[in-house]
Amino acid sequence: TKDRNGISQVLLRSPRGASARISLHGGQVLSWKTESGEELLFTSSKAIFKPPKAVRGGIPICFPQFGNRGSLEQHGFARNRMWIIDENPPPLCPIESNAKPHIDLLLKSSEDDLKIWPHNFQFRLRVALAVDGHLTLISRVRNVNCKPFSFSFAYHTYFSVSDISEVRVEGIETLDYLDNLCNRERFTEQGDALTFESEVDRVYLTASDVAVFDHEKKRTFVIRKDGLPDVVVWNPWEKKSKAITDFGDEEYKQMLCVDGAAIEKPITLKPGEEWTGRLELSVVPSIKSATL
Ligand code: BG6
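The model shown is predicted, which means the values in this text are computed figures rather than measured ones.

Asker: Would you mind going over empty space enclosed by the protein with me for this structure?
Answerer: Leftover empty space is mapped by rolling, across the atoms, a probe with the size of a water molecule. All told, the structure shown has one cavity of 30 Å³ or more when counted by the stated rule. Here the largest cavity is characterised by a volume of approximately 60 Å³. As for the largest cavity, its lining consists of Arg4, Ile7, Gln9, Ser23, His25, Leu30, Phe49, Lys50 and Val55. Of the residues assigned to the lining of the largest cavity, the class counts are four nonpolar, three polar and two charged.

Asker: Would you take a moment to explain the pattern of salt bridges for this structure?
Answerer: Two side chains bearing opposite charge may form a pair once their charged atoms approach each other closely. The tally for this structure, following the rule as stated, stands at 17 salt bridges. Put simply, Glu35 and Arg16 hold a salt bridge, and the shortest N to O gap is 3.6 Å. You can see Glu35 sitting in the loop between β4 (28–33) and β5 (61–62) and its partner Arg16 sitting in the loop between β2 (7–13) and β3 (19–23), a full 19 residues away along the chain. Note that Glu38 is salt-bridged to Lys217, the shortest N-O span being 3.9 Å. Of this pair, Glu38 sits in the loop between β4 and β5 while Lys217 is found in the loop between β16 (210–214) and β17 (219–226), placing the two residues 179 residues apart along the sequence. Judged by relative accessible area, which is 33%, Glu38 ranks as partly exposed. Overlapping salt bridges bring together Asp176, Arg186, Glu264 and Lys265 as one network.

Asker: Which parts of the structure should I look at to understand the site of the ligand?
Answerer: In the region of the ligand, the neighbouring residues are Arg56, Phe66, Gln74, His75, Arg79, His156, Asn180, Asp201, Val232, Trp234 and Lys240. Side-chain polar atom of Arg79 to an oxygen atom of the ligand: 2.9 Å apart, as the coordinates give it. The separation between an oxygen atom of the ligand and a polar side-chain atom of Asp201 is 2.5 Å. Protein chains bury 84% of the 390 Å² of accessible surface belonging to the ligand in isolation.

Asker: Would you mind going over a positive patch on the surface with me for this structure?
Answerer: Judged by side-chain charge, Lys2, Arg4, Arg13 and Lys33 come together as a positively charged surface patch. Looking at where Arg4 falls in the secondary structure, it is placed in strand β1 (residues 2–4). The exposure class of Arg4 is partly exposed, given its relative accessible area of 38%.

Asker: Any chance you could explain the layout of surface pockets here in plain terms?
Answerer: Here the largest pocket defines a volume of roughly 730 Å³. If you list the elements that add at least two residues to the lining of the largest pocket, you get β18 (230–235) and α2 (237–243). For the lining of the largest pocket, the class distribution of residues is 11 nonpolar, nine polar and nine charged. Each pocket or cavity is described by its volume, and for the second largest pocket that value is around 160 Å³. In this structure, the second largest pocket is lined by 14 residues; those nearest its centre are Pro89, Asn98, His102, Asp104 and Arg126.

Asker: What should I look at first to understand the sheet that holds β2 in this one?
Answerer: Across a sheet, paired strands are connected by hydrogen bonds in the backbone, their directions being either parallel or antiparallel. Strand order in the open sheet made by the four strands is β1-β2-β3-β4, with antiparallel pairing throughout. The strands lining the two open edges of the sheet, one partner per strand, are β1 and β4. Adjacent strand axes in the sheet meet at a mean angle of 25° when their direction is disregarded.

Asker: How should the environment of Val127 be read in this particular structure?
Answerer: Within the secondary structure, Val127 sits in strand β8 (residues 121–129). Along the backbone, Val127 and Leu105 are 22 residues apart, and their C-alpha atoms lie at a distance of 8.4 Å. Residues contacting Val127, with those up to four places away along its chain left out, are Leu12, Ile22, Val29, Pro101, His102, Ile103, Leu135, Thr136 and Leu137.

Asker: Got a minute to help me understand the pairing of strand β19 (residues 255–269) in this structure?
Answerer: Each regular strand carries side chains that alternate between the two faces of the sheet. With 11 of its 15 residues buried, β19 lies for the most part within the structure. Note: strand β10 (residues 149–155) against β19, six bridges, orientation antiparallel. Within β19, the position partnered with Ala154 by the bridge is Ala261. Sheet topology places strand β11 (residues 158–160) next to β19; three bridges connect them, and they run antiparallel. When the bridges of β19 are listed, Phe159 appears paired with Leu256. Inspection of the sheet shows β18 paired to β19 by five bridges, in the antiparallel sense. Opposite Asp230, over in β19, you have Ala261 as the bridge partner.

Asker: Please clarify how the packing of aromatic side chains should be interpreted in this entry.
Answerer: What characterises a pair of aromatic rings is the spacing of the ring centres plus the angle enclosed by the ring planes. Going through the model one piece at a time under the given rule, you end up with 22 aromatic pairs. Note on Trp117 and Phe149: the rings are 5.1 Å apart at their centroids and 65° apart in plane angle, and the pair reads as edge-to-face. Placement of the pair is Trp117 in the loop between α1 (111–116) and β8 and Phe149 in strand β10, with a sequence separation of 32 residues. With relative accessibility at 9%, the residue Trp117 sits in the buried group. Phe149 gets classed as buried once you look at its relative accessible area, which sits at 2%. Relative to Phe151, the ring of Phe149 has its centre 6.3 Å away and its plane inclined at 55°; by these criteria the two rings are tilted. The two residues Phe149 and Phe151 agree in class, both being buried. Members of the aromatic cluster, joined through ring pairs, are Phe63, Phe77, Trp83, Trp117, Phe121, Phe123, Phe149, Phe151, Phe153, Tyr155 and Trp275.

Conventions adopted
Residues numbered from 1 in each chain as written. Predicted model: local features only at pLDDT ≥ 70, side-chain atom pairs only at ≥ 80, totals over all residues. Heavy atoms only, no water. 1 Å grid on protein atoms, 1.4 Å probe; cavity = no way out; pocket = protein on both sides within 12 Å on 5 of 7 lines; lining within 4 Å. Points joined across faces, edges and corners; volume = space filled by probe spheres on them. Nonpolar A, V, L, I, M, F, W, Y, C, P; charged D, E, K, R; others polar. Salt bridge = Lys/Arg side-chain N within 4 Å of Asp/Glu carboxyl O. Helix = DSSP H or I, 4+ residues; strand = E, 2+ residues; numbered from the N terminus. Buried < 20%, exposed > 50% of the residue type's maximum accessible area, 1.4 Å probe, protein only. Near = heavy atom within 4 Å. Polar contact = N/O pair within 3.5 Å; in protein donor to acceptor, adjacent residues only side chain to side chain. Areas by Shrake-Rupley, 256 points an atom, 1.4 Å probe, with all protein chains shown as cover. Patch = residues over 30% accessible without salt bridge, like charges linked within 9 Å, V, L, I, M, F, W, Y side chains within 5 Å. Lys, Arg positive; Asp, Glu negative; His and termini not counted. Charge placed at Lys NZ, Arg CZ, Asp CG, Glu CD. Pairing = 2+ DSSP bridges. Axes fitted to C-alpha atoms, helices over the stretch in contact; angles between N-to-C directions. Contact = heavy atoms within 4.5 Å. Phe/Tyr/Trp six-rings, centres within 6.5 Å; stacked < 30°, edge-to-face > 60°.

In structure tokens:
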């Protein structure tokens, strides 16, 4: 671990040299690099690496609320809290190998959290890096309350892309989506693959695995997920970028958020129940269209 502004960060390194860096602030993945040291996640040049806000980039965790669909602050409070290292987490099911570099983090409801969200929870996050550089995030949320509660969730993943106008998202064709730019109205995707020429802020419903092709870089991000039915696609484009203070005016060209998420149908947990949301990110050279 190392410190930045007094906040611990954990560095994972695979035997072949891929790496990932995770901050205890928000349990946020801040960096994911290939074996050759290429950064795969976007972080704004204007990012602020100090609480209380999440860093603009990497993979902030939206919990227990996505966006402003509820009474909590935008995207919930988990991304703004200090997490602790979980020295002795309960075994994962299915059993995950402990052999690959990983870190287990824990967030529990604080007294202050209980005032704004009166549901006692335990949130365990594992971030693991495989030998081939795949990054896996496993979230486990447990209800340690005496009443049921519901939440929504997203891994708000900022992928680094070379030029947004050269990027296509596949795997969401023909799906229904809620458009945040039209009062969350429901539409059906008609096109082949999604390309970008203006602001996009959508929640695709019941998506399976998704691929993000970066034609200029000739690489494809593959997003595999479990327990996360929805996929958020967000790019603020020119006008919105200017309104975001910790984001450069032109930086929308170099990023695309594609999140594995559970939004449309909130997850409900009875007392003692646990939910698992698993995301696996990999990057492969793209020849043409990758097969999922
Ligand atoms: C997206 C939302 O997922 O996150 C957008 O759909 C929002 O509406 C964006 O602007 C960034 O949110 P924040 O709180 O990190 O600025």
